[in-house]
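Architecture at a glance
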Amino acid sequence: MQTGRGFKVSHIGIAVDDIAGAVERYSALFGIASPHREVVEEQGVDVASFRLEDVLVELTASTRDGSPIDRFLQKRGEGIHHVAFEVEDIVSELARLREAGIRLIDEVPRDGAHGMKIAFLHPGSFNGVLVELCQNP
Ligand code: CO
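No experiment lies behind these values; they were computed from the predicted model shown.

Each helix and strand counted, the chain has three helices and eight strands in total. Compactness check: the chain gives a C-alpha radius of gyration of 15 Å against a globular reference of 14 Å for 137 residues, within 12% of the reference. Summarising its shape, the C-alpha atoms of the chain cover approximately 45 × 35 × 25 Å along the three principal directions. Relative to its 137 residues, the chain shows a buried fraction of 40%. Sequence-distant contacts, at least 24 apart, represent 52% of the contacts inside the chain between residues at least 6 apart. If the 14 positive side-chain charges of the chain are averaged to one point and the 22 negative ones to another, these points end up 5 Å apart.

What follows covers the coordination of the cobalt ion. Coordination of the cobalt ion by the protein is provided by His11 (NE2), His82 (NE2) and Glu132 (OE), with metal-donor distances spanning 1.9 to 2.1 Å. Expressed as a motif, the donor residue spacing for the cobalt ion is H-x70-H-x49-E. With His11 in strand S1 (residues 8-15) and Glu132 in strand S8 (residues 131-135), the pair connects residues that are 121 residues apart, well separated along the chain. Residue classification places His11 among the buried residues on the basis of a relative accessible area of 2%. Residue classification places Glu132 among the buried positions, given a relative accessible area of 3%.

This part takes up the pattern of salt bridges. Enumeration over the complete set of coordinates arrives at six salt bridges. Its salt-bridge partner being Arg98, residue Glu107 comes within 2.8 Å of it at the nearest N-O pair. Owing to a relative accessible area of 46%, Glu107 belongs among the partly exposed residues under this scheme. On the basis of relative accessible area, Arg98 is assigned to the partly exposed category, the value being 39%. Its salt-bridge partner being Asp111, residue Lys117 comes within 2.6 Å of it at the nearest N-O pair. Of the residues examined, Lys117 reaches a relative accessible area of 38% and is grouped as partly exposed. A single network of salt bridges, built from pairs that share partners, joins Arg5, Glu93 and Arg96.

Further remarks concern the pairing of strand S4 (residues 55-62). Most of S4 is tucked away: six of the eight residues are buried. Judged from the five bridges that link them, S1 and S4 form a sheet pairing that is parallel. From the neighbouring strand, His11 faces S4, where its bridge partner is Leu56. In this sheet, S4 lies alongside strand S3 (residues 45-52) in antiparallel orientation, the contact comprising eight bridges.

So, how was this worked out
Throughout, a residue's number is its position along its own chain's written sequence, starting from 1. Whole-chain, interface and lining totals are the exception, using all residues; otherwise, since this is a predicted model, local features are given only for residues with pLDDT of at least 70 and side-chain atom pairs are given and counted only at 80 or more. The side-chain numbers reported here are obtained from all heavy atoms of the structure, hydrogens and water having been left aside. A run of H or I in DSSP becomes a helix once it reaches four residues, and a run of E becomes a strand once it reaches two; helices and strands are each numbered from the N terminus. What the globule rule says is 2.2 Å times the number of residues to the power 0.38, and the radius of gyration is computed from C-alpha atoms. Residue burial is assigned from relative accessible area. The probe radius is 1.4 Å, only protein chains are included, and a residue is buried under 20% of its type maximum, exposed over 50%, and partly exposed in between. Whether two residues touch is decided by their heavy atoms; if any such pair falls within 4.5 Å, the residues are in contact. Only four residue types enter the charge count, namely Lys and Arg as positive and Asp and Glu as negative; His and the chain termini do not. To locate a charge, take NZ of a lysine, CZ of an arginine, CG of an aspartate or CD of a glutamate. Ligating atoms shown are N, O and S within 2.8 Å of the metal, or 3.2 Å for Na, K and Ca, and water is not included, meaning a site may look less than complete. The term salt bridge refers to a pairing of a side-chain nitrogen on Lys or Arg with a carboxyl oxygen on Asp or Glu at a separation within 4 Å. Between any two strands, pairing holds if DSSP finds at least two bridges.

Set out below in structure tokens:
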């Protein structure tokens, strides 16, 4: 089986209404008492990250009405929000995907949690799954 372009699963984003309640239950699930907490004001998100070896599970709540995660919660309710893949060079991957006819949400990378550069790809291109690409600093 081909291994492709070195994509690695970085994290799974889960949209939640009540971050405190979600943290309590996922802490019990994973046996991790204190997940990493981070508010990213630019995106209007309050994130709790649980590290499972190389993959993070990120519980994401909205910090304000009208943020992208708030709009998702209003429309779809709680659940898996996106799957993120780590890439070596996000700018060149975006150029390659645009060339391949993939619908991009972000034409240029922006700042995400953990100091990463991130870009979202449209769920319409991936069977309803919102895909995020990210590159470590
Ligand atoms: Co993400």
